[in-house]
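Listed below are the residues making up each chain.
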Amino acid sequence: CCQEVYSCIFDYNTPRIALIKSRKVGLLNRVIQLLILAYVIGWVFVWEKGYQDFETVVSSVNSKVKGVAVTNTSELGLRIWDVADYIIPAQEENAFFVMTNLILTQNQSQGYCPELPDTKTICNFSHKCIRGLVGTYSNGLQTGRCVSYNKTIRTCEVFAWCPVENDMKVPEPAFLKDAENFTVLIKNNIWYPKFKFSKRNILPNISTDYLKSCQYNRVKDPFCPIFRLGAMVEESGESFQEMAIQVCGWGN
């Protein structure tokens, strides 16, 4: 036994090489080598691209916005706004829309009323108003009459939804300024059937209790899939309250 171990450690063996001086055998050997090389490079690598494999990903993204806002105005009184009120439309493909500002025009009905004043609708006499005219930015059909808009201004009368909506003055601060504190839960899943590989952004160790209390923070909670809308806008270097005034909705 010791001799076998000694021989295994200290003996050195070299393979025996047989040299066959034959053109046919040598040519056959080279042809077989070339065929194997051509198969590997030409067919496997170049034609079939065997060094890489492709699969179309099957994925889905779900978002759910949550938050409640309370407003108290002379037009609507005390009112609470929830998801059903400010998410318009209720479902979108790969997106969500949050209303942040609102122009109220109460008790509209079809009838006759003065048009909003501008360079084309302000008048002193009825001859400036063209009966049947519908301007590019008009709210209705002109009747040809010049009527009082207020104590100092007269405008052309229109048949429209009255009173016409006045969108010249946007509410400041934003009507739903509390939307800054709304949160959105973003869930995404990917699946490669061919490779039997799947992944999602909610880690396996994340519990339901954790999701109810966490909010994304790049330092404290980097794996939390719940994002505050105000923080998302701040990350882009903008002010949510300034943006909410001019934009009547917010989406991803």
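Data block above holds the structure.
The rules behind each value
- Residues numbered from 1 in each chain as written.
- Predicted model: local features only at pLDDT ≥ 70, side-chain atom pairs only at ≥ 80, totals over all residues.
- Heavy atoms only, no water.
- Phe/Tyr/Trp six-rings, centres within 6.5 Å; stacked < 30°, edge-to-face > 60°.
- Helix = DSSP H or I, 4+ residues; strand = E, 2+ residues; numbered from the N terminus.
- Buried < 20%, exposed > 50% of the residue type's maximum accessible area, 1.4 Å probe, protein only.
- Polar contact = N/O pair within 3.5 Å; in protein donor to acceptor, adjacent residues only side chain to side chain.
- Contact = heavy atoms within 4.5 Å.

Draft legend 1. Local environment of the packing of aromatic side chains. Counted by the stated rule, this structure contains 6 aromatic pairs. Taken together, a centroid distance of 5.6 Å and an interplanar angle of 85° make the contact between Trp81 and Phe175 edge-to-face. With Trp81 in strand 3 (residues 77-81) and Phe175 in the loop between strand 7 (154-162) and strand 8 (183-192), the pair connects residues that are 94 residues apart, well separated along the chain. Accessibility expressed as a relative area gives 4% for Trp81, which makes it buried. Chaining the aromatic ring pairs together yields one cluster made of Tyr192, Phe195 and Phe197.

Draft legend 2. Spotlight on the side chain of Thr143. Within the secondary structure, Thr143 sits in strand 6 (residues 140-148). Here Arg145 takes part through its backbone nitrogen, which lies 3.5 Å from a polar atom of the side chain of Thr143. When near neighbours in sequence (up to four residues on either side) are disregarded, Thr143 contacts Tyr112, Arg131, Glu157, Val158 and Phe159.

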